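# Architecture at a glance
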Amino acid sequence: MRKSIFVLLSSISFGIYAQKSFNFSINGSLRNIKENSKVYIHHKWDNLNITDSVKIKGGKFILNGKSIEPNMYWITKTNNINEQPNLIFFVDAGKINVNGNIDSLQFATVQGGETQKDYIEYNTLMNGFGLKQQSIVNAYNEAKAKGDNATMNQKVAEYQNMDKEVKAALETYIKGHSKSPISGYALYYNYQNSQAPIEELERMVNLLDKSTENTKYGKLGREKLIQLRGTMIGYPAVNFAQADPNGKMVNLKDLKGKYVLVDFWASWCGPCRAENPNVVNAYNKYKDKGFTVLGVSFDQNKDAWIKAIEKDNLTWTQISDLKGWGNEAGKLYGITSIPQNLLIDKEGKIVAKNLRGPELDAKLEEIIK
């Protein structure tokens, strides 16, 4: 796979690029590292984790490769792709210079192209806020230890205001770097687990230049917004797939063309079991009019799940990944309590949520003619 000890042109790692590509070279200089030992260089493409190693000669290494667009790479001391600490940087066309100590890899300096410069600027900005936030947290903890409620409340308010400052700074950064991959990366990183309202996300995503729409980090930057839209009334439902009791995979999108009630429940959930007769009645009343139910169980015990299906006479399609509260479809739709449901029309758009008893029947009677 290697042309030499120091130069790597991997058909496995870099042969995935079918579009017009550019060449890059990662040139490393590492102190306090043994001769002929290895460093490991990782990246991700199309959800594939890709790792290669390079031997050290005289404290140096060179890695040559190709890419079709700027991408994030990271270096570790072992082949564990998740090893911490690591050194993260962005690669685009040309030479990337890495200089540091193997024992403090995360503090190594990296000089590269415009994308790496943008990343350094972004990191400097966010790290500055991180230091300020930590200072507020430390002051809060000191006040708490003293029972100083007034100072505690003051620090809480300061932290909340700091959060607003971070978002304002992020917005300013993206405006000034609308075509940069780092703006898409920043949106992905800052909003992946955010509970921000969709209006805020839409405003931030709209700052990205349209030229980034089909790039890796442009797509990642829009990912959370697309996901949120796919769980809200008025938007097409985001697809998911899980196995039925026989192990057959069922996709939500396979039910397109019918009105579908996606019903989140579990055998151990008392309120769910109490609601099941209402769902059964609705199913029996409208199943011949283009209506069906897709049960998504938060069970972990398969036998208990199947027994509940049979006992409650749930004759529609049932699926589960048997992860309990870790159900992937539940996480996708932000389900934190059950029973919950969402009603999808024939085009796959969400038209209602959390319909119970008479409400479910009334809504079905309204939309199913």
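Criteria and cut-off values
Residues numbered from 1 in each chain as written. Predicted model: local features only at pLDDT ≥ 70, side-chain atom pairs only at ≥ 80, totals over all residues. Heavy atoms only, no water. Buried < 20%, exposed > 50% of the residue type's maximum accessible area, 1.4 Å probe, protein only. Helix = DSSP H or I, 4+ residues; strand = E, 2+ residues; numbered from the N terminus. Pairing = 2+ DSSP bridges. Contact = heavy atoms within 4.5 Å. Axes fitted to C-alpha atoms, helices over the stretch in contact; angles between N-to-C directions. Parallel < 35°, antiparallel > 145°, perpendicular 65-115°, else oblique. Nonpolar A, V, L, I, M, F, W, Y, C, P; charged D, E, K, R; others polar. Disulfide = S-S within 2.5 Å. Phe/Tyr/Trp six-rings, centres within 6.5 Å; stacked < 30°, edge-to-face > 60°. 1 Å grid on protein atoms, 1.4 Å probe; cavity = no way out; pocket = protein on both sides within 12 Å on 5 of 7 lines; lining within 4 Å. Points joined across faces, edges and corners; volume = space filled by probe spheres on them. Lys, Arg positive; Asp, Glu negative; His and termini not counted. Salt bridge = Lys/Arg side-chain N within 4 Å of Asp/Glu carboxyl O. Polar contact = N/O pair within 3.5 Å; in protein donor to acceptor, adjacent residues only side chain to side chain.

With that settled, consider the pairing of strand E6 (residues 87–91). Across the five residues that make up E6, a large majority, four, are buried. Note: strand E5 (residues 71–76) against E6, five bridges, orientation antiparallel. Among the inter-strand pairings, Trp74 is bridged to a residue of E6, identified as Ile88.

This paragraph deals with the environment of Lys44. Along the chain, Lys44 falls in strand E2 (residues 38–45). Considered as a pair, Lys44 and Asn193 are 149 residues apart in the sequence and their alpha carbons are 20 Å apart. Leaving out residues up to four positions away in the same chain, Lys44 has contacts with Asn49, Asn71, Trp74 and Lys216.

With their axes 9 Å apart at the nearest point, helix H2 (residues 114–146) and helix H3 (residues 149–176) run at an angle of 175° to one another. By the angle between their axes, H2 is roughly antiparallel relative to H3. Of the residues that constitute the contact of H2 with H3, the class distribution is 18 nonpolar, two polar and seven charged.

Now for the state of the cysteines. Each disulfide consists of one covalent bond between the sulfur atoms belonging to two cysteines. What the rule picks out here adds up to one disulfide. A sulfur-sulfur separation of 2.3 Å characterises the disulfide bridge that pairs Cys269 with Cys272. Across the disulfide from Cys269 to Cys272, rotation about the S-S bond amounts to roughly 75°, and the bridge is consequently right-handed.

This part is about the pairing of strand E4 (residues 60–67). Across a regular strand the side chains alternate sides, sitting on one face of the sheet and then on the other. Only one face of E4 is covered, namely the one carrying Phe61, Leu63, Gly65 and Ser67; the face carrying Lys60, Ile62, Asn64 and Lys66 has none of its residues buried. Where strand E1 (residues 22–31) lies against E4, eight bridges are found, and the strand directions are antiparallel. Along E4, the bridge assignment pairs Ile26 with Leu63.

Aromatic ring pairs are defined here through the distance separating the ring centres and the angle between the ring planes. All told, the structure shown has 16 aromatic pairs when counted by the stated rule. Relative to Tyr333, the ring of Phe264 lies with its centre 6.2 Å away and its plane at 45°, an arrangement referred to as tilted. Note that Phe264 is positioned in strand E11 (residues 259–265) and Tyr333 in the loop between helix H9 (328–332) and strand E14 (340–344), a separation of 69 residues in sequence. Tyr333 matches Phe264 in its accessibility class, with the two residues each being buried. A connected cluster of aromatic rings, assembled from ring pairs, spans Phe90, Tyr119, Tyr122, Tyr173, Tyr185, Tyr189 and Tyr217.

This part takes up the layout of surface pockets. If you add up the space inside the largest pocket, you get close to 1,800 Å³. Around the largest pocket sit 50 residues that line it, and Met72, Ile88, Tyr185, Tyr188 and Tyr189 are the ones nearest its centre. For the lining of the largest pocket, the secondary-structure elements that each account for two or more residues are E2, E5, E6, strand E8 (109–111), H2, H3, helix H4 (181–191) and helix H6 (216–229). With 11 residues, the top contributor of residues to the lining of the largest pocket is H2. Here the lining of the largest pocket is built from residues that sort into 24 nonpolar, 18 polar and eight charged. One number sums up the size of the second largest pocket: a volume of about 490 Å³. If you list the elements that add at least two residues to the lining of the second largest pocket, you get H6, H9 and E14. Residues of the lining of the second largest pocket, tallied by class, amount to eight nonpolar, 11 polar and three charged.

Here we come to the side chain of Asp244. Tracing the backbone shows Asp244 in the loop between strand E9 (241–243) and strand E10 (249–251). Salt bridges are absent for the buried Asp244, whose nearest opposite-charge side chain, Lys248, sits at 6.0 Å. In this structure the side chain of Asp244 is engaged in a polar contact, spanning 2.9 Å, whose partner is the backbone nitrogen of Asn246. Filtering out sequence-adjacent residues up to four positions away, Asp244 remains in contact with Val250, Trp305, Gln318 and Ile319.

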